[in-house]
Amino acid sequence: MTESKLEKLFSEMTLKEKIGQLIQLESGCFASEQSAVTGPAAKLGIDQEMISNSGSVLNAFGAEKIYQIQKKYMEESRLGIPLLFMNDVIYGYHTIFPIPLGLGATWNSELIQEDFREIAKEAASDGIMVTFSPPADLIRDARWGRCLEMASEDPCLLSRYASAMVTGLHNDGKKGECLAACVKHFAGYSAVEAGREYNSVDMGERMLRENYFPAYKAAVESGCELVMTGFNTINGIPATGNQWLVKEVLRKEWGFDGIVISDYAAVEELITHGVAENEEQAAKMAIEATVDIDMQSSCYALWLEKMAENGKIAEQQVNDACWRILCLKNRLGLFENPYYGCNKLSDKESSEEKRICLARESAEKSCVLLKNDGVLPLKKEQKVALIGPYADSRDITGLWAVFADREKTVTLKKAMKEYAGESRIAYAKGCDFLDEYSNLGNFGNIKADSIPKLTEEEAKIAEMEAVDLAAISDVVVMAAGEHILQSGEAGSRTDISLPEVQKKLLKKLRKTGKKIVLVLFNGRPMALNDIQDDCDAILEAWFPGTEGGHAISRILYGVTNPSGRLSVSFPYSAGQEPLSYLRFSTGRPPQENNERFTSRYLDCPNEALFPFGYGLSYHSSNLKNLRLDKKMLKAGEHIQVEAEITNTGTVAGTETIQLYIRDICGSVVRPVLELKDFRQISLSPGETKIISFQITEEMLRFWRSDMSYGSEPGKFYVFIGLNSRDLLKEEFELL
Ligand code: GLC
């Protein structure tokens, strides 16, 4: 409708109806009247009237269910204001793509954008209008379970991904085939102390602005319609009540005029954080920070009206929030079509095929070959012992694949048998994922206490069968990794190595003397130092999604040459966390001679075991002849950087050439390496290509000692490499 009509509608709303728009409830509250008594709302003490006024629904899914909820709601709505349906469509709806941590290893924003376009179409065809995606929290600590949902430890790379995801979700604005995007979790949620979920976050403003803000900002600049506040504090004030963060930075500085939504019950949690004495104070703190929607708590529902009437809050706060929500509903065309994309995906078949192909391509390109002594690629005629808890598991979609069509998920066993033939792939589970599941808790329909466990006797037999099978096979492929509940939300862990029971099996398999290929399924960087010598190859597959089996099988057999490169650092040990390649020199950097009085550990290297940007392929490459067209850079000009890359292997392949800089001396300490650009190119065997980059003054800007943002004259190194460790270096000066 026109803005004037919307304004007229707004003017007819009562205060209670306006407050209703600020409330988001679980879909169970709308299923039927009795749910208001026995459903989730009952726990919130929200009555049927407030439910009938509420503005949005959390995680309803299925076109029929969404249609029914909306239809009933519209019949009862005095002013005919439709519900907004919001869901966690994080990296797929029914068709699941690789987890963002895996997508991050593709270094391919264009592909990710296409993925999210398809994801949006599939979800919108069920009537979903908003997704709580992209997650854009910068990875710093592998102990934190939600690394799974984040695409990188680097702000430059993460920003490109966040922007690509938002643009993909928007799908050129095709109503009913696009989703409004909600970047989360603003801000700095991944920097929780000790990597422990929901813990506090304390850091200097410069660290926030240099590293954690850019990806959220990129999403905002790409037009994401919502921003979700994180569960964490920022320097003592919870994000959901933090006026500096939301009003000053997000709204005033970045010009964001969209919707701010709290995370699940995070408004109420202001009480448990200890900054609000009760729900009334929590509601006041959040609305005055301009949080527009209270997700699944009763604070706004029960207190805003009273506070507005008695002047404890300005009614304008409610008006502003309500108006922003109505504007989104209007932009999505809901007043004309409250059912949005319900069953709109007419060409289901063709779009399904395209989605599956994209999911497979993305899974292939997300896999990272971490080690290979030549055992890979496998030969089709080899007799393979496929062993491990993930070999025949559909749990390869990761924790947030809450709407996955599990029947479509292709296991590794199925895919390898399809490719190599039934007789060449012999399967043995070998062991459970874990010795114990009870401490994992439940997540959605994944219940820790219903996970099948082998008895002690069964476990002995399973291990023996696996070892015997390995002994009579040509090669072992072990499909192992974290249990699906060991990462994702509330999945923080102090031990980020392979689970003990799987390590034990691996060591037994090693004793057979057979070549072992480890295929890893996990939602975080893992500490692999204690098992890397037990494997002749390691393929990092993350949680690869619906087409994971096909993707991995095509890589194992060399149909696809792996091209994934890590977008996060893999440590030797959890003790190194938080770990990033973006580190500072310190006053005493480690010396070759292992001098004691330097910044190092006595029992572990400082560096990553597998560094940021690292990955192997089936071809080899040679990067050489780094050259600059000038050594002095003036603002408004650029330096042309060139080098040559040759495929010195025997198969075609893709390389990701990375450009880093180092600001040698600044008004504040500067990282020893910063990614500023990258190029992805394909090369035939023996082919050489020239790679070129431009260095500009803008690339050299940072938050200076006086907290102004800009560059400073001085000397810089420029590096290029195929990862962040093996680099060619040149020097230039900014005048
Ligand atoms: C969860 C997550 C958030 C998600 C929200 C709604 O607790 O923190 O990422 O979007 O609740 O499910």
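Keep in mind it's a predicted model, so treat the numbers as computed, not measured.

### Some points on the overall build of the protein chain
Thinking step 1. Within the protein chain, the regular secondary structure consists of 20 helices and 26 strands.
Thinking step 2. On C-alpha atoms alone, the protein chain measures out to a radius of gyration of 26 Å, which is about the 27 Å that the 2.2 N^0.38 rule sets for 735 residues.
Thinking step 3. The principal-axis extents of the C-alpha atoms in the protein chain amount to approximately 75 × 70 × 50 Å.
Thinking step 4. Scored against the burial criterion, the 735 residues of the protein chain give a buried share of 61%.
Thinking step 5. By sequence separation, contacts in the protein chain at least 24 residues apart represent 78% of the contacts at least 6 residues apart.
Thinking step 6. Of the roughly 26,800 Å² that the protein chain leaves accessible, carbon and sulfur atoms contribute 50%.

### Some details on the site of the ligand
Thinking step 1. Taken together, 14 residues are adjacent to the ligand, and Asp 88, Arg 146, Lys 184, His 185 and Asp 263 come closest.
Thinking step 2. For the ligand, whose free accessible area comes to 310 Å², the fraction covered by protein is 93%.
Thinking step 3. Across the shell around the ligand, the residue classes break down as 7 nonpolar, 2 polar and 5 charged.

### Structural notes on the pattern of salt bridges
Thinking step 1. Considering all chains together, one arrives at 59 salt bridges under this definition.
Thinking step 2. Here Glu 149 and Arg 146 are joined by a salt bridge, their closest N and O atoms 2.5 Å apart. Note on accessibility: Glu 149 and Arg 146 belong to one class, buried.
Thinking step 3. With a shortest N-O distance of 2.8 Å, Arg 406 and Asp 395 are connected by a salt bridge. Linking Arg 406 in the loop between strand S12 (384-387) and helix H17 (412-420) with Asp 395 in the loop between S12 and H17, this pair joins segments that are 11 residues apart in sequence.
Thinking step 4. Of the residues examined, Arg 406 reaches a relative accessible area of 40% and is grouped as partly exposed.

### Overview of unusual backbone geometry
Thinking step 1. In the segment running from Ser 133 into Pro 134, the intervening peptide bond is cis, with an omega of 10 degrees.
Thinking step 2. By secondary structure assignment, the location of Pro 134 is in the loop between strand S4 (130-131) and helix H9 (155-170).
Thinking step 3. Here the bond from Leu 376 into Pro 377 is cis, since omega is 0 degrees, no more than 30 degrees from zero.
Thinking step 4. Positionally, Pro 377 belongs in the loop between strand S11 (368-372) and S12.

### Here's the deal with the confidence of the model for the protein chain
In regions of low pLDDT, the predicted coordinates are not meant to be interpreted in detail.
Thinking step 1. Scored by pLDDT, the protein chain comes out at a mean of 96, with 98% of its residues at no less than 70.
Thinking step 2. Counting contacts from residues 33-37, a segment whose pLDDT is below 50, to residues more than four positions away or on other chains yields 14 contacts.

### Remarks on empty space enclosed by the protein
Thinking step 1. Applying the stated criterion to the full structure yields 2 cavities of 30 Å³ or more.
Thinking step 2. The calculated volume of the second largest cavity comes to roughly 30 Å³.
Thinking step 3. Along the lines of polarity and charge, the residues of the lining of the second largest cavity split into 5 nonpolar, 1 polar and 4 charged.

### Digging into the environment of Ala 480
Thinking step 1. Note on placement: Ala 480 falls in strand S14 (residues 475-481).
Thinking step 2. Taking the C-alpha atoms as reference, Ala 480 lies 8.4 Å from Ile 387; in sequence the two are 93 residues apart.

### Focus: helix H19 (residues 500-510)
Thinking step 1. Among all positions in H19, only Val 501, Gln 502, Lys 503, Leu 505, Leu 506 and Leu 509 are buried.
Thinking step 2. Buried residues along H19 sit against S12, helix H18 (456-471), S14 and strand S15 (515-521).

### Comments concerning a nonpolar patch on the surface
Thinking step 1. The grouping of Met 207, Phe 584 and Val 669 at the surface amounts to a nonpolar patch, some 260 Å² of accessible area in total.
Thinking step 2. Examined against the element boundaries, Val 669 turns out to sit in the loop between strand S20 (653-663) and strand S21 (674-683).

### Some words on the packing of aromatic side chains
Thinking step 1. A full pass over the atoms with the stated rule returns 26 aromatic pairs.
Thinking step 2. Between Tyr 581 and Tyr 660, the ring centres sit 5.7 Å apart and the planes meet at 75 degrees, which makes this aromatic pair edge-to-face. With Tyr 581 in the loop between helix H20 (548-556) and strand S17 (621-628) and Tyr 660 in strand S20, this residue pair connects regions lying 79 residues apart in the sequence. Comparing Tyr 581 with Tyr 660, the two get one shared label, buried.
Thinking step 3. By the ring-pair criterion, three or more aromatic residues cluster together here, those being Trp 107, Tyr 581, Phe 612, Tyr 660 and Phe 678.
Thinking step 4. Stacked on the ring of Phe 702, the Lys or Arg Arg 670 has its end atom at 4.0 Å from the ring centre.
Thinking step 5. When the ring centre of Tyr 717 is taken as reference, the NZ or CZ atom of Lys 729 above it lies at 4.0 Å.

### Observations regarding the nonpolar core
Thinking step 1. Of all hydrophobic cores here, the largest spans 218 residues; its most connected members are Tyr 300, Leu 304, Met 416, Val 477 and Leu 556.
Thinking step 2. With near-sequence residues (within four places) excluded, Leu 556 lies in contact with Leu 376, Pro 377, Leu 378, Leu 412, Met 416, Val 477, Val 517, Val 519, Leu 539 and Tyr 618.
Thinking step 3. Counting 24 residues, the second largest nonpolar core, distinct from the first, contains Leu 628, Ile 639, Leu 659 and Ile 661.

### Quick word on the sheet that holds strand S25 (residues 714-721)
Working definition: the strands of a sheet are paired by backbone hydrogen bonds and lie parallel or antiparallel to each other.
Thinking step 1. Pairing is mixed in the open sheet, where 5 strands are placed in the order S18-S26-S25-S20-S21. Pairing within the sheet leaves two strands with one partner each, and these edge strands are strand S18 (632-633) and S21.
Thinking step 2. Sheet analysis places S25 next to strand S26 (residues 727-734), joined by 8 bridges and oriented antiparallel. For Phe 716, the partnering residue across the bridge sits in S26 and is Phe 732.

### Examining the packing of H18 against H19
Thinking step 1. Between H18 and H19, whose axes approach to 9 Å, the crossing angle comes to 35 degrees. Where H18 crosses over H19, the two elements pack in a sense that is right-handed. Across the interface between the two elements, Glu 463, Ala 466, Val 467 and Ala 470 of H18 pack against Lys 504, Leu 505, Lys 508 and Leu 509 of H19.

### Examining the environment of Phe 61
Thinking step 1. Positionally, Phe 61 belongs in the loop between strand S2 (56-58) and helix H6 (63-76).
Thinking step 2. The sequence separation of Phe 61 and Leu 539 amounts to 478 residues, and the corresponding C-alpha distance is 35 Å.
Thinking step 3. The contact partners of Phe 61, leaving out residues within four places of it in the chain, are Ile 66, Asn 87, Tyr 93, Asp 126 and Phe 403.

### Quick notes on the state of the cysteines
Every disulfide links exactly two cysteines, by a covalent bond between their sulfur atoms.
Thinking step 1. This structure, assessed with the given rule, holds 0 disulfides.
Thinking step 2. This cysteine, Cys 156, is not joined by any disulfide, and Cys 224 carries the nearest cysteine sulfur, 19 Å off.
Thinking step 3. Residue Cys 156 is classed as buried on the basis of its relative accessible area, which comes to 18%.
Thinking step 4. Not part of a disulfide, Cys 367 finds its nearest cysteine sulfur in Cys 535, a span of 16 Å.

### Quick word on the layout of surface pockets
Thinking step 1. In this structure, the largest pocket occupies an estimated 1,300 Å³ of space.
Thinking step 2. In terms of lining, the largest pocket is formed by 49 residues, of which the most central are Leu 579, Ser 580, Tyr 581, Arg 583 and Phe 584.
Thinking step 3. Contributions of two or more residues to the lining of the largest pocket are made by helix H10 (205-221), S25 and S26.
Thinking step 4. The element contributing the most residues to the lining of the largest pocket is H10, with 3 residues.
Thinking step 5. Considered class by class, the residues forming the lining of the largest pocket number 24 nonpolar, 13 polar and 12 charged.
Thinking step 6. Considered as a void within the structure, the second largest pocket measures approximately 810 Å³ in volume.
Thinking step 7. Pro 155, Glu 210, Pro 214, Lys 676 and Tyr 709 are, among the 33 residues lining the second largest pocket, the residues nearest its centre.

### Thoughts on the packing of H17 against H20
Between two packed helices, the angle of one axis relative to the other and the distance separating the axes together describe the packing.
Thinking step 1. In contact at an axis separation of 8 Å, H17 and H20 are set at 50 degrees when each is read in the N-to-C sense. In this view, H17 runs oblique relative to H20, as classed from their interaxial angle. Viewed along their axes, H17 and H20 form a crossing whose handedness is right-handed. Residue-level inspection shows Leu 412, Ala 415, Met 416, Glu 418 and Tyr 419 of H17 in contact with H20, the latter providing Gly 549, His 550, Ile 552, Ser 553 and Leu 556.

Conventions adopted
Residues numbered from 1 in each chain as written. Predicted model: local features only at pLDDT ≥ 70, side-chain atom pairs only at ≥ 80, totals over all residues. Heavy atoms only, no water. Helix = DSSP H or I, 4+ residues; strand = E, 2+ residues; numbered from the N terminus. Rg over C-alpha atoms; globule rule 2.2 N^0.38 Å. Buried < 20%, exposed > 50% of the residue type's maximum accessible area, 1.4 Å probe, protein only. Contact = heavy atoms within 4.5 Å. Areas by Shrake-Rupley, 256 points an atom, 1.4 Å probe, with all protein chains shown as cover. Near = heavy atom within 4 Å. Nonpolar A, V, L, I, M, F, W, Y, C, P; charged D, E, K, R; others polar. Salt bridge = Lys/Arg side-chain N within 4 Å of Asp/Glu carboxyl O. pLDDT = per-residue confidence, 0-100. 1 Å grid on protein atoms, 1.4 Å probe; cavity = no way out; pocket = protein on both sides within 12 Å on 5 of 7 lines; lining within 4 Å. Points joined across faces, edges and corners; volume = space filled by probe spheres on them. Patch = residues over 30% accessible without salt bridge, like charges linked within 9 Å, V, L, I, M, F, W, Y side chains within 5 Å. Phe/Tyr/Trp six-rings, centres within 6.5 Å; stacked < 30°, edge-to-face > 60°. Lys NZ or Arg CZ within 6 Å of the ring centre and 35° of its normal. Core = buried A, V, L, I, M, F, W, Y, C linked by side-chain atoms within 4.5 Å. Pairing = 2+ DSSP bridges. Axes fitted to C-alpha atoms, helices over the stretch in contact; angles between N-to-C directions. Left-handed = near helix turned anticlockwise from the far one by under 90°. Disulfide = S-S within 2.5 Å. Parallel < 35°, antiparallel > 145°, perpendicular 65-115°, else oblique.

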